[in-house]
Amino acid sequence: MTDQLSYIIELAGTVAFAMSGSFAAIQHRLDPFGVLIIAFATAVGGGTVRDLLLDVPVFWMKDNTTFIVILCAAILTMIFKSIEKNFKVTLFMFDTLGLGMFTVIGIEKAIYFGANPMIAITLGTITGCFGGVLRDILVNRIPLLLRREIYATACISGGVLYFLLQYATSLNQSLIHLFTVLLIVGIRLAAVKFSWHFKPVG
Amino acid sequence: MTDQLSYIIELAGTVAFAMSGSFAAIQHRLDPFGVLIIAFATAVGGGTVRDLLLDVPVFWMKDNTTFIVILCAAILTMIFKSIEKNFKVTLFMFDTLGLGMFTVIGIEKAIYFGANPMIAITLGTITGCFGGVLRDILVNRIPLLLRREIYATACISGGVLYFLLQYATSLNQSLIHLFTVLLIVGIRLAAVKFSWHFKPVG
Amino acid sequence: MTDQLSYIIELAGTVAFAMSGSFAAIQHRLDPFGVLIIAFATAVGGGTVRDLLLDVPVFWMKDNTTFIVILCAAILTMIFKSIEKNFKVTLFMFDTLGLGMFTVIGIEKAIYFGANPMIAITLGTITGCFGGVLRDILVNRIPLLLRREIYATACISGGVLYFLLQYATSLNQSLIHLFTVLLIVGIRLAAVKFSWHFKPVG
């Protein structure tokens, strides 16, 4: 998994999150600009909070590509909303792949700037999940993250695997990436497939 | 439009946003300290997020004037809430003027710190709009921004005009300011006057 | 009140806020990971916003202790939720002591980084209160802070006392700490005991 492939998958993740934001906004009957704003917040929210916490430049501040990708994704979603049904599986796959990649990217950026494993896993989870939380706060519903989905669980498990492989094996970085993403994607898929969820505590 | 005039209008915008926050808080039956907090969040929210994203010192951290202005605006609003009706048009004018000025201030600060046009327009829009979003989240309603008002649309249009004038004409900076603010104010006024709104997408 | 004592009480405050977040999450029937995330957000939210506004490294980024303390507090709360009733008074005391200590810590950190009194009181109040606001936004109810509790009032009063003692007396720092915390705790206790609250403005 080269840097280039990683960049392409990150963009795919951005597209997926932008589309998931757009769908949520359309479902809440927002106007086109509202849709655009929710798409943007969903796609860059996690990475923005990560960069603010790390006190490094926010990743989209010098980068027009992210912008244009989000803009196109939101517009396409508005145009093709009618074919949402056929689209749903593809979208879900993108969204899940994006979750995995965003988590790994978050972990590695955190390590690069000197975070220890526990902080790195937290920042990875924030990178993967926060955009969706923001989306749900903005359209005023209880964040999906907190309603017995396995989002955070998948990210945290992936993060733990990442560091286990790092310390306990001599696998190269690309394979560690790959396995981490696969575990996150796998947990999410299995959770949806088998309707896994934790029981509420109360 | 000199620096001094710009500063005065910025303070007027701060007053207007503080008052709009106070009215929303009063309407939701918060106590005086709740009103104060919402007033503060509404008035400085946009600029704060802009400065965090730019990674520059947050504008109100060294500046007592902003504080005192917001405090006075919130107290006056609580005292004069009974005359809200007569007040409404003035308030709306201030709020709209503030939106325009805040957007231009956000754009210029972003350019000053090296942002490209697309990022600058985004940061201008955030500066103008985020305070109101925060206000609405805090009192737990769907952000006004997202409910078919023309807030974001006006800011984005103003931002585009700003850069068109910058690149395509030789107008001096003050006139570019003025036209940008006028366009934003004009769109907002027209939108309210003629009940313009986009149709929801869904 | 030595540095060490201050550190211990800060950890106790962290525990209390983590537990208050956990209780709120359990009450809203979130799953264990949801509970963990709300506990984390409640305990570190205020200090995180303070550090972002001050543009200094976020306090928990290099510190595993905070993490482990929050994790343990959340798990213990989930296990012992059945004995919540007997626990309530202890929790309330911790929460209130934490509010006082967090406010003082916020004020001092702000002063240390050059803030003037008005800004310092604001940052102290944010440090004490923001975690609770975040908790309430995440579980989608109107922030407790804004519903006629005396949280913010207590913090602001404590902050004013802090600077009065600083400028008008020759008390040493430890006693100023102590009196500030006592005033905040006292106002909170009295407010609950005698059902004090401000009337809504409207």
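Just so you know, these numbers come straight off a predicted model, no measurement behind them.

What follows deals with the overall build of chain A. A count of helical and extended segments in chain A gives 7 helices and 0 strands. In sequence order, chain A lays out its α and β elements as α-α-α-α-α-α-α. Counting across all 202 residues of chain A, residues that qualify as buried make up 54%. By sequence separation, contacts in chain A at least 24 residues apart represent 71% of the contacts at least 6 residues apart. Surface exposure of chain A reaches about 8,700 Å², of which carbon and sulfur atoms provide 68%.

Counting 147 residues, the largest nonpolar core has A:Trp60, B:Trp60 and C:Trp60 as the members making the most contacts within it. Setting aside anything within four residues of it in sequence, one finds C:Trp60 in contact with A:Leu53, A:Ile119, A:Thr122, C:Phe40, C:Val44, C:Thr48, C:Thr66 and C:Phe67.

Turning our attention to the environment of C:Thr169. Its place among the elements puts C:Thr169 in the loop between helix 6 (151-168) and helix 7 (173-193). Residues C:Thr169 and C:Lys62, 107 residues apart in the sequence, show an inter-C-alpha distance of 37 Å.

Turning next to the packing of helix 5 (residues 117-138) of chain A against helix 3 (residues 64-79) of chain C. Across the interface, helix 5 of chain A lies against helix 3 of chain C with an axial gap of 9 Å and an inter-helix angle of 65 degrees. The orientation of helix 5 of chain A relative to helix 3 of chain C falls into the category roughly perpendicular. Note on packing geometry: the crossing formed by helix 5 of chain A with helix 3 of chain C is left-handed. Of the residues in helix 3 of chain C, those in contact with A:Met118, A:Ile119 and A:Thr122 of helix 5 of chain A are C:Asn64, C:Phe67 and C:Ile68.

Turning next to the pattern of salt bridges. Residue and element names in this part refer to chain A. Evaluation of the coordinates by the stated rule reveals 6 salt bridges over all chains. For the salt bridge of Asp 51 with Arg 50, the shortest nitrogen-to-oxygen distance reads 2.9 Å. Relative accessible area serves as the criterion here: at 0%, Asp 51 is assigned to the buried category. Where Asp 51 meets Lys 109, a salt bridge forms, and the shortest distance between an N and an O atom there is 3.1 Å. Placement of Asp 51 in helix 2 (residues 32-54) and of Lys 109 in helix 4 (residues 84-112) is noted, with a sequence separation of 58 residues between them. Look at the salt bridges and you will find they share partners, linking Arg 50, Asp 51 and Lys 109 into a network.

Take unusual backbone geometry next. Both trends apply: most residues other than glycine have a negative phi, and most peptide bonds are in trans. Unusually for a residue other than glycine, B:Asp55 sits at a positive phi of about 60 degrees. Here B:Asp55 lies in the loop between helix 2 (32-54) and helix 3 (64-79).

Residues and elements named next belong to chain B. Between its first and last C-alpha, helix 2 extends 33 Å over 23 residues, near the 33 Å set by a 1.5 Å rise per residue. At Val 44, helix 2 shows its maximal bend, which comes to roughly 50 degrees. Most of helix 2 is tucked away: 18 of the 23 residues are buried. Looking one or two residues past helix 2, Asp 55 carries a phi angle of roughly 60 degrees, positive in sign.

All names here are of chain A. Together, Leu 71, Ile 75, Leu 76, Ile 79 and Phe 80 give the surface a local cluster of nonpolar side chains, amounting to about 440 Å² of exposed area. Relative to the assigned elements, Phe 80 resides in the loop between helix 3 (64-79) and helix 4. Exposure remark for Phe 80: the relative accessible area of 40% places this residue in the partly exposed category.

A complete count under the given rule lists 21 aromatic pairs over all chains for this structure. Judged by centre distance (5.0 Å) and plane angle (85 degrees), the rings of B:Tyr112 and B:Phe113 are edge-to-face. Taking the relative accessible area as the measure of exposure, B:Phe113 reaches 37% and is therefore partly exposed. Centre to centre, the rings of C:Trp60 and C:Phe67 are 6.0 Å apart; their planes meet at 55 degrees, and the pair counts as tilted.

A few words on the side chain of B:Ser22. Structurally, the position occupied by B:Ser22 is in helix 1 (residues 3-27). Apart from the residues lying within four places of it in its own chain, the contact partners of B:Ser22 are B:Val35, B:Ala39, B:Ala74 and B:Thr77.

Quick look at the confidence of the model for chain A now. Predicted confidence across chain A gives a mean pLDDT of 82, with 84% of residues reaching 70 or more. Scored as a complex, the prediction yields pTM 0.83 and ipTM 0.77.

Let's shift gears to the environment of A:Val160. With respect to the helices and strands, the residue A:Val160 is situated in helix 6 (residues 151-168). Along the backbone, A:Val160 and A:Gly45 are 115 residues apart, and their C-alpha atoms lie at a distance of 23 Å.

Residue and element names in this part refer to chain A. Closest axis-to-axis distance for the helix 5/helix 6 pair is 9 Å, and the angle between their directions is 140 degrees. One element, helix 5, and the other, helix 6, form an angle in the oblique class. In this structure, helix 5 meets helix 6 at a crossing whose hand is right-handed. Counting all contacts with helix 5, which are made through Pro 117, Ala 120, Ile 121, Thr 125 and Cys 129, the residues of helix 6 involved are Tyr 151, Ala 152, Cys 155, Ile 156, Gly 159, Val 160, Phe 163 and Tyr 167. A per-class count over the contact of helix 5 with helix 6 returns 11 nonpolar, 2 polar and no charged.

A few words now on the environment of A:Leu134. Residue and element names in this part refer to chain A. Here Leu 134 lies in helix 5. Residue classification places Leu 134 among the partly exposed positions, given a relative accessible area of 24%. Between the C-alpha atoms of Leu 134 and Gly 46, which are 88 residues apart in sequence, the distance is 8.6 Å. Leaving out residues up to four positions away in the same chain, Leu 134 has contacts with Ala 41 and Gly 45.

Turning to the side chain of C:Thr122, a few remarks are in order. Mapped onto the fold, C:Thr122 is located in helix 5 (residues 117-138). Given the relative accessible area of 15%, C:Thr122 is considered buried. Residues in contact with C:Thr122, not counting those within four places in the same chain, are B:Phe40, B:Trp60 and B:Phe67.

Residues and elements named next belong to chain C. The full count for this structure, using the stated rule, is 0 disulfides over all chains. Left unpaired, Cys 155 is separated from the closest cysteine sulfur, that of Cys 129, by 3.7 Å. Judged by its relative accessible area of 1%, Cys 155 is buried.

What follows covers helix 5 of chain A. All names here are of chain A. For helix 5, spanning 22 residues, the distance from its first C-alpha to its last is 31 Å, which sits close to the expected 32 Å at 1.5 Å a residue. A bend of about 45 degrees at Cys 129 is the largest found in helix 5. Among the 22 residues in helix 5, 18 count as buried, and that is most of the element. Here helix 5 starts with a cap whose side-chain oxygen sits 3.2 Å from the backbone nitrogen of Met 118, and that cap is Asn 116.

Here is what the cut-offs are and how they apply
- Each chain has its residues counted from 1, running along the sequence as written.
- In the order they appear in the text, chains get letters beginning with A and ligands get numbers beginning with 1.
- At least 70 in pLDDT is required for a residue's local features to be given in this predicted model, at least 80 for side-chain atom pairs to be given and counted, and no such filter applies to totals for whole chains, interfaces and linings, which use all residues.
- For side-chain calculations, the full set of non-hydrogen atoms in the structure is used, while hydrogens and water are omitted.
- Runs of H or I in DSSP of at least four residues are treated as helices and runs of E of at least two as strands, each being numbered from the N terminus.
- Think of it in three bands: residues with accessible area under 20% of the maximum for their type are buried, residues over 50% are exposed, and the middle band is partly exposed, with areas taken using a 1.4 Å probe on protein chains only.
- We call two residues contacting when some pair of their heavy atoms lies within 4.5 Å.
- Methods summary: accessible areas were calculated by the Shrake-Rupley approach with a probe of 1.4 Å, and residue burial reflects only the protein chains presented.
- Only buried residues count toward a nonpolar core, which is a set of Ala, Val, Leu, Ile, Met, Phe, Trp, Tyr and Cys residues joined through side-chain atoms within 4.5 Å.
- To obtain each axis, a line is fitted to C-alpha atoms, and for helices this fit is confined to the stretch in contact; angles are then taken between N-to-C directions over 0 to 180 degrees.
- Our angle categories are set so that under 35 degrees counts as roughly parallel, over 145 as roughly antiparallel, 65 to 115 as roughly perpendicular, and the remainder as oblique.
- In this scheme the handedness of a crossing depends on how the near helix is turned from the far one: anticlockwise by less than a right angle means left-handed, clockwise means right-handed.
- Any Lys or Arg side-chain nitrogen found within 4 Å of a carboxyl oxygen on Asp or Glu counts as a salt bridge.
- Take the residue count of a helix, subtract one, and multiply by 1.5 Å to get its expected span.
- Fitting one axis to the seven residues ending at a residue and another to the seven starting there, the bend at that residue is the angle between the two axes.
- A patch is a set of surface residues, each over 30% in relative accessible area and not in a salt bridge, joined within 9 Å for like charges and within 5 Å for the nonpolar side chains Val, Leu, Ile, Met, Phe, Trp and Tyr.
- Any pair of Phe, Tyr and Trp rings, taking the six-membered ring for Trp, is counted once the centres come within 6.5 Å. Such a pair is stacked with planes under 30 degrees apart, edge-to-face with planes over 60 apart, and tilted for the rest.
- Each residue gets a pLDDT score, which is the predictor's confidence in that residue and runs from 0 to 100.
- Asp, Glu, Lys and Arg are counted as charged, while Ala, Val, Leu, Ile, Met, Phe, Trp, Tyr, Cys and Pro are counted as nonpolar; the rest, among them Gly, fall into the polar class.
- What counts as a disulfide here is a pair of cysteine sulfur atoms lying within 2.5 Å.
- Polar contacts here mean pairs of N or O atoms no more than 3.5 Å apart (in protein, one a potential hydrogen donor and the other a potential acceptor; neighbouring residues in sequence count only if both atoms are side-chain atoms).

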